[in-house]
Each structure stands twice: as C-alpha cells, then as structure tokens.
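Architecture and fold: a report
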Amino acid sequence: MTDRHEIFLWNDNFETGIPAIDEQHKKLVDLINELAMHLAFQANTLTLEKVFTELTDYARYHFSSEEALIRQYMSDDPMLLDHSSSHRSFEEKLIRLKNKTTNQPSEEVFSEILSFLSHWLAVHILESDKHIAKVALAMQDGASLEEAKIVARDEMETWMTVLVDTILAMYDALASRSLQLMREINQRKKAEEKLRLAASVYENTLEAMFIADSKAVIIQVNPAFCQYTGYGHEEVIGKSLRSLHAGLEGSSAAKIWHSVATTGHWSGEVHNRNKDGELTPEWLTLSAITDDQGMVTHYVGLFSNITQLVQRQHKLEHFAHFDILTGLPNRLLLTDRLDQAIAKVRRDGGHCAVCYLDLDNFKRVNDTYGHAAGDTLLQEVSARVKNVLRAQDTLARLGGDEFVLLIEGLAHPDECRPLIERVLKVVEEPVSIGEHQATVSASIGIDFFSSGDMKAHLILNQADQAMYRVKQAGKSNYAFFHPEYPDTSTAQSLHNSMILTPPLITHTCPERDIYNSLLALDEKNILELGCGRAEITRAIATDGYGRRLTALEVDAIQHSRHQAIDDLPNVDFIMAGAEAIPAPDNHFDVVFMFKSLHHVPLNQMSQALLEIRRVLKPGGMAYISEPIFAGDFNDLLKLFHNEEQVRLAAFEAVRGAVDAGTLTLERQTFFNTPMQFENFADFEQKILKVTHTEHRLSDALYAQVKQKFSEHMSPDGARFTMPIRVDLLRKAP
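Residues numbered from 1 in each chain as written. Predicted model: local features only at pLDDT ≥ 70, side-chain atom pairs only at ≥ 80, totals over all residues. Heavy atoms only, no water.

Take the overall build of the protein next. For the protein, the helix and strand inventory stands at 24 helices and 20 strands. Taking as baseline every contact in the protein between residues at least 6 positions apart, the subset at least 24 positions apart corresponds to 67%. Taken as a whole, the protein presents about 35,200 Å² of accessible surface, with 51% of it coming from carbon and sulfur. (Helix = DSSP H or I, 4+ residues; strand = E, 2+ residues; numbered from the N terminus. Contact = heavy atoms within 4.5 Å. Areas by Shrake-Rupley, 256 points an atom, 1.4 Å probe, with all protein chains shown as cover.)

Structure representation (structure tokens):
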C-alpha cells in the first residue's frame, strides 16, 4: 500500500504561527489520513485499533505539550481553562465512540470516528488554537494579556464564523468523495456502479466543481458551476481558468498556484466575477492530480458561494452591536469603543470623556401619549444629539432613556463643555408627536480618562454617579465626577448641593496642584486676599507668564516683610483687607482667598464677598479655600484655638452669597493638604507665634499641646494632613 491518499488536507490556513504546535497538528492530520487509508482499504480490526491507539496517545501528548506552552503566557486564565476543557471533552467523546465497537461493526464505528476527528480538529485549530496562539504571539511582542486578547479578538471575529462553516462544508464533501474514490480502487469489480454514483454526486452537489487539464484549461464543469457563474456549459469548456476571472488570475493568484504546485492543494476565500460582472465571495478548494511520475495531469476545483453567509454574519453582527430602535451602538459596542479609546489615550496622551445622559421627564411622555410616542421621541432626540457630535465621537443607547456619549481627542477636560451645552440645548427643543409637542431635557454626568489602570465599567459607573447628582440638584444640567464628592460643575447654580464636609476625603496633594488644575492663570490680572508669608503668592507669580498680581494683607508685621521682597516685579503688595479692596470695579480676572475667609470679622464676611464680586471682571473666577473642621492637625489646633464657629460662618457666608446670586457656584472640590514640622520648635514658630493671632497658653495647656504633637513625631519630623474645601465661584458675565 504505497499510494498515499488524504481526506484531511493541510494548508496555510491551519498555521497558528507557533512552529511546535503546527508540527504536532500536522502529525495528527497524518494519523487521521492513515486511519482513513486503512479504513478505505478494508484493513482488519486489529490494524485499525493500532492506528487509533497511536492517534489517541499522540493527541494526549499534543494537548499536554500545547497547554504547557500556552500556560507560560496566561496561567490560570479563563481562556486557557476553557481551551483545556475542550481537550478533555474531545478525549471523552473519542472513547465513547470507540466503545461502540462492542455493538456495531468496526468499519461503521471507525467511519463515524473519522468524521468526528475531521470536524473537531478543523474547528478546534481554526477557532480555538489560532485564537489562543494569537494571544500568546501578541504577548511575545510586548502586549499585556488584556491588550493581546483585544488584538486576537479583532483579528478573529470578522471572518472566522464564515471560515469555519465553509471549511467544514468543503471537508465534508472532500472527505466523503476522497474516501469513496479510495474504496473504488480496492473494489474495481464495482467500478462502473461507483463511477455512476460519483458522476451523480458531481452533477447534483450544491458545490460548484470544475476539472481542468494540466494547463488550467477547463474540460468539465458541473451544473452548480454554471448556476453560480452564469456561464453555460459550452461557454466555459476549453476556456482558461484565468480568463473567467474566478480569482485565479493576476498577481493575487500567484500564492494560490504556488501552493498547489508545492503542496498539491490550496483552499481559501476568493472573489469570483460572474458573467454579469457581479463580484461574489467564494470558498475555493483547488487540488492537483498527478500521475505515477508525479506530473500534474489535472486540476480539480470545488467552491461554494458564501455571499449569504457573509450577509447573515453582517446582519447578526449588526443586531449584536446596535440598538434596534435608534440604530445607535449598544452597550456591547460602546464597551469595545471605550476600551479602544482608553488604549489610544494611554498610547497618545490626552483625555476622553464618558458622558452618561438620562432624559428628564421621559416617563411623563410615555404616560401621556403612549409608548409609540416615546419611541418617536427617542429616535428624534438620538438623531439630534448625533448631529452635534464630531465624527470621532460615539453616541450609544444603553436602554430606556439612558444614553452614553464618548468624546475623544480632548487636550483638556474643559474642551468638552461647549459640546455638552449644545447637546443640552438640542435635547430641550420640542418634539412633534402627531398634533402634540413633547418636551424633555437631559441630565448628564461626566467622567474622564487620561492615564492609569481605570477600567471602562468604573468610568461608566462614575459618570452615572455624577448624572444622579444633577438629577438631585434639579435636572437639565451636567456635572463632572469628583473622587471625593461629585463635581458641581454646571451651567447654572447648584447651591442647594453645597456641603460643609464630605463623608470621606482620600485625595492628598499640595494646594498648588488643585488651583492649577481648575484655573488658567497666564496673562491674567490676579488678586490674592490674605497673602500671609507670600509663599503661594511667589508660586503663582513665577509658575507661568504674563501674570500680574495684587497681594493684600492686614497683618502689619507680614506687610513690612513683603516690602523687603525685591525679586517679584509683577506683584504689588498692599496692606488692606477683603472687606474694603482698594481696586476699581471689574478689574481682576481671578481672586484667590487661601484659608483666610474665616479670619475676616464675622460681621464683615458678606461684605468681603460683595467686594470680591465688585472687583471681578464679568465672568471672572473666585477661588476660596477653607480648612475643614476635621483631621489630625485640627485635633491638635483646637486644643488652643477652636475655629469651628468661624469656619462654619465662612461657609454660610459663601452659601449666602450663592443663594443671593452675588456669585455663582461652579464647583466644590475636597482634598487633604500635607503639613510637616521638623520638631515642636518649628511648630511653635509657625503656628503658636503667628503674627496675625496672639495665642496665650497656660503652662498646663502648653504641655498638653506639646504632648499631643509628640505623638506624631518620627525621624523625619511630624506629619499631618489638613482637609480643605474649595468653593470655585464665578461672577455672572
């Protein structure tokens, strides 16, 4: 038995890119073909069982080897566990099939085994092995596991279902016919009957088939070929395959013919142009027939039109990724695009904004006009919002009246504000529903990604939280998410949401980081009230360009020290208080008050805020930070200087100014600022002996303060944190 016949044809489509795995796959294919050959030539049961045993033993070896290799990249990952589970299922199924030999003829059982092996191996290599190999290869190139999975999924998902369906159809037909032909060689007495059977299959099969001579000139086609291509039988006989535009001509076909010449066969997708000029996708298997000397005598081709499969796949993909009512991307597609946007920001920098949008009063529309009217409103609002977005942005519907906007390519978070305000405006426009006009508005919560390891679902959750803050504050607005307390950055006042102390503050940083993140200070005219030792004054004056500062201080001792400063030419130090600012109306772009409003006399705090409004330009910003009555430093300070009442009064003064419309609240921000003292003497000099307040401590209280301070001492000194609230206010334009 020297001739070798194959029912499972190996080709480049089965290559995973990992040589060790590919060689083991080829060995399995060889054993399957050997089992088929013995079955076709009616070998005895002992021979069949011997080949079967060798095949199962090698399969176990291959599974173990493959799993060990992949485990180097994704130990205990669910993807590897599922892959290993499929190996175990294969082994169990194979044993169950083999056990049938006790009740059924061996030839019948081994034929069933052969069919199962061909199906399983083709699907497993193409769907599972190639997928997991792509993940491993991507990780070899430096990708993380999650990034590798995204790359592998993108490469696999589009055509793999079509590829597997078509290859199975090809291998079913090819395996059946090849095995039949092999048996005909051994049963020459029944040649005429079997030839008639083969001719019937050739004539009636749904797959198009052609036979060409060694020069690729067609000598026979079946009816399915004529049906697919539109050519009559006589029109193609004697024609070159290359002249029919069947995907076997031009430079793109060079690899196909090279594969056939070197391996004897090729299979894959081609695009065939039929007689009417229509280009259709097809799956082609092309094999070379050789004589005893190995010379090609004929070519046999088998192909199926896969247009319907591709269209079905596209339709299923659309249903899986888009909302049926509005045609917008759904949650699944949004998650994919958000993952891509996050990856792009990590790679290129910048920001992306996730905006969680919920329609206000939508239930009232449904209840008043019916669900059909509600659907019409959702479609109209979706179209309006989509029209104001940029091409690179995404609008998705999560369900009901909830939407998400994904805004990409932001250099700074504030760049999204104009777009969000346009969205609010178009949503509020009335929608015609029959003879009626329905009106809704939108509440939008916004979170950003700029760096780090934050996951897509967490960003969505935080945007959702910010949206609910808008709902609670009166709806029809937008707000940014803040780690400690949701941002109150809105287009109108949210003063009812002002809080004195949040439940938890986790963010710790110098105050310099906060004001620089909130305000643009270059080329601005700036006023600082209560500049103290002028440390922040110096930082503001020297951190940028074109800044002009006026710094006020009521403490005469500190002011005299300011007069000795000669290296800040852009700063004017003036002795004055916030309640009577020596400056003209509409003069400053920004007013700062760092932890000093509570030092203003109680009966003059409101006047100080009126003064701030007076000197601010229309649209100008006031940054007022105040210590929160909490934290370890406050516990020490209140032993000799309890500021609870004055800090509360400062908060009420700001809230009163917002309520009265004197200033508009833009946002509240909460953070911890670090404090450090070298030793108690340093603390005494900076805190106990400040020039603006006289602290008189008894010996007993002094000892108590010193003892409390010592509890925080370490080799690096004493460290504290002071919780701070920032109220960012705006003067109406």
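Right, let's talk about the sheet that holds strand β7 (residues 394-399) for a bit. With respect to topology, five strands assemble into an open sheet ordered β7-β8-β6-β11-β12, the strand pairing being mixed. Two strands close off the open sheet at either side, each with one partner strand: β7 and β12 (477-480). Direction aside, neighbouring strands of the sheet carry axes that sit 20 degrees apart on average. Pairing between strand β6 (residues 351-360) and strand β11 (residues 441-449): nine bridges, direction antiparallel. Across the sheet, L357 pairs through a bridge with I444, a residue of β11. Here helix α12 (residues 331-348) sits on the sheet and contacts β6, β7, β8 (402-410) and β11; the angle it forms with β8, its principal contact strand, is near 20 degrees. (Pairing = 2+ DSSP bridges. Axes fitted to C-alpha atoms, helices over the stretch in contact; angles between N-to-C directions.)

Let us now look at the packing of α12 against helix α16 (residues 456-472). The N-to-C vectors of α12 and α16 enclose an angle of 105 degrees; their axes lie 10 Å apart at closest approach. As summarised for this structure, α12 and α16 are arranged roughly perpendicular, according to the angle between their axes. Contact with α12, carried on its side by L334, L338, D339 and I342, involves A456, I459 and L460 of α16 and no other residues of that element. Considered class by class, the residues forming the contact of α12 with α16 number six nonpolar, no polar and one charged. (Parallel < 35°, antiparallel > 145°, perpendicular 65-115°, else oblique. Nonpolar A, V, L, I, M, F, W, Y, C, P; charged D, E, K, R; others polar.)

A separate point is the pairing of β8. Taking burial as the measure, the nine residues of β8 include seven buried ones, the bulk of the element. As paired strands, β6 and β8 are joined by seven bridges and run antiparallel to one another. Paired with Y356 across the bridge in β8 is V404. Sheet topology places β7 next to β8; five bridges connect them, and they run antiparallel. Bridge pairing in β8 links A396 to V404. Counting the residues in the hairpin turn of β7 and β8 gives two residues, including G400, whose phi is positive at 60 degrees. (Buried < 20%, exposed > 50% of the residue type's maximum accessible area, 1.4 Å probe, protein only.)

Consider a sheet: its strands pair through backbone hydrogen bonds, and that pairing is either parallel or antiparallel. The five strands are arranged β2-β1-β5-β4-β3 in an open sheet whose pairing can be described as antiparallel. Both edges of this open sheet fall to β2 (218-221) and β3 (265-273), since each of them pairs with a single strand only. Sheet twist, expressed as the average angle between the axes of neighbouring strands with direction ignored, equals 25 degrees. Across nine bridges, β3 lies against strand β4 (residues 279-290) in antiparallel orientation. In the strand pairing of β4, V270 is matched with E282.

Evaluated as defined, the whole model comprises 28 aromatic pairs. Aromatic pair F63 and F90: ring centres 5.6 Å apart, planes at 90 degrees, arrangement edge-to-face. One end of the pair, F63, is in helix α2 (residues 45-71); the other, F90, is in helix α3 (residues 78-98), with 27 residues separating them in the sequence. Judged by its relative accessible area of 5%, F90 is buried. Arranged with centres 5.6 Å apart and planes meeting at 85 degrees, the rings of F680 and Y702 form a pair that is edge-to-face. (Phe/Tyr/Trp six-rings, centres within 6.5 Å; stacked < 30°, edge-to-face > 60°.)

On to the confidence of the model for the protein, then. Parts of the prediction with low pLDDT should not have their coordinates interpreted in detail. Per-residue confidence for the protein averages 82 on the pLDDT scale, and 86% of its residues sit at or above 70. A low-confidence stretch, residues 484-496 (pLDDT under 50), is modelled with 46 contacts involving residues beyond four sequence positions or located in other chains. (pLDDT = per-residue confidence, 0-100.)

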